[in-house]
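# A structural walkthrough
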Amino acid sequence: MKFAVQDEAAMVAAGMRLAEACHAPLVFYLHGPLGAGKTTLVRGFMRGMGYDAVVKSPTYTLIEPYEIGPWHVYHLDLYRVRDAAELDYLGLRELQDDHAIVLVEWPERGAGFLPPADVVITLDYAGEGRWISLEDQGAAGKTFLEALGGVDLNPG
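Turning our eyes to something else, we now look at helix α2 (residues 38-48). Of all 11 residues in α2, eight are buried, a share of seventy percent or more. All of the buried residues in α2 are K38, T39, T40, L41, V42, G44, F45 and M46. One or two steps after α2, the chain reaches G50, where phi turns positive at roughly 100 degrees.

Attention now goes to the environment of V102. In this fold, V102 is placed in strand β5 (residues 100-105). Considering only alpha carbons, one finds V102 and A117, 15 residues apart in sequence, at a separation of 9.0 Å. Setting aside its immediate chain neighbours within four residues, V102 contacts L26, V27, F28, Y74, L76 and L95.

Bringing the packing of helix α1 (residues 8-20) against α2 into the picture now. Between two packed helices, the angle of one axis relative to the other and the distance separating the axes together describe the packing. At their nearest, the axes of α1 and α2 sit 6 Å apart, and the two run at 50 degrees to each other. Judged by the angle between their axes, α1 and α2 are oblique. Crossing geometry of α1 relative to α2 is assigned as right-handed. Facing α1, whose interface residues are E8, M11, V12, A14, G15, M16, L18 and A19, α2 presents T40, L41, G44, F45, R47 and G48. When grouped by side-chain class, the residues that make up the contact of α1 with α2 number eight nonpolar, four polar and two charged.

The subject of this paragraph is the nonpolar core. Among the nonpolar cores identified, the biggest contains 33 residues, and F28, I121 and F144 are the most heavily contacted of them. Residues in contact with F28, not counting those within four places in the same chain, are C22, F45, I101, V102, L103, V104, V119, I121 and F144. Membership of the second largest hydrophobic core comes to 19 residues, among which are L62, V81, L87 and V104.

A few words now on the sheet that holds strand β7 (residues 129-136). Strand pairing in a sheet takes place through backbone hydrogen bonds and is either antiparallel or parallel in direction. Taken in spatial order, the seven strands make up an open sheet running β1-β7-β6-β2-β5-β4-β3, and their pairing is mixed. The sheet is open, and its two edges are formed by β1 (2-5) and β3 (63-68), each paired on a single side. Averaged over all adjacent pairs, the angle separating strand axes in this sheet is 20 degrees, with direction ignored. Both β3 and strand β4 (residues 71-77) contribute to a ladder of six bridges, which runs antiparallel. Its bridge partner lying in β4, I63 is registered against L76.

Rules used in this analysis
Residues numbered from 1 in each chain as written. Predicted model: local features only at pLDDT ≥ 70, side-chain atom pairs only at ≥ 80, totals over all residues. Heavy atoms only, no water. Buried < 20%, exposed > 50% of the residue type's maximum accessible area, 1.4 Å probe, protein only. Helix = DSSP H or I, 4+ residues; strand = E, 2+ residues; numbered from the N terminus. Contact = heavy atoms within 4.5 Å. Axes fitted to C-alpha atoms, helices over the stretch in contact; angles between N-to-C directions. Parallel < 35°, antiparallel > 145°, perpendicular 65-115°, else oblique. Left-handed = near helix turned anticlockwise from the far one by under 90°. Nonpolar A, V, L, I, M, F, W, Y, C, P; charged D, E, K, R; others polar. Core = buried A, V, L, I, M, F, W, Y, C linked by side-chain atoms within 4.5 Å. Pairing = 2+ DSSP bridges.

See below:
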């Protein structure tokens, strides 16, 4: 699946729509160059999950946990990780419970220490806008993309 978004507001709206389709524990890997909108998409996702407070970027803390209803939502930003072994102390096993939704920016920097992705989201520049590409990585991801099939990611 591939969608175009034109601006920051549309990226937030796309994240909200992704959350609408999320009804099971999932791991999302977010790929894309600096400034492509990964954190903005996560902010929209969190808003779509019903989280109304400020969503902080975990660039320096590496992980921000959130409790939203029955869900344990974890937002990781691994941009500053130099060696994936640094993640060993984060307790990443907790990210694999039955109520966990995990969103990982720069997952390639945590290779070997992260749970496997259910959905890979790739963001890229498209002129003034962005492309959002979604690819399933197994049964849970496929079910998510099927649920998303009825959700319009392109607001407006």
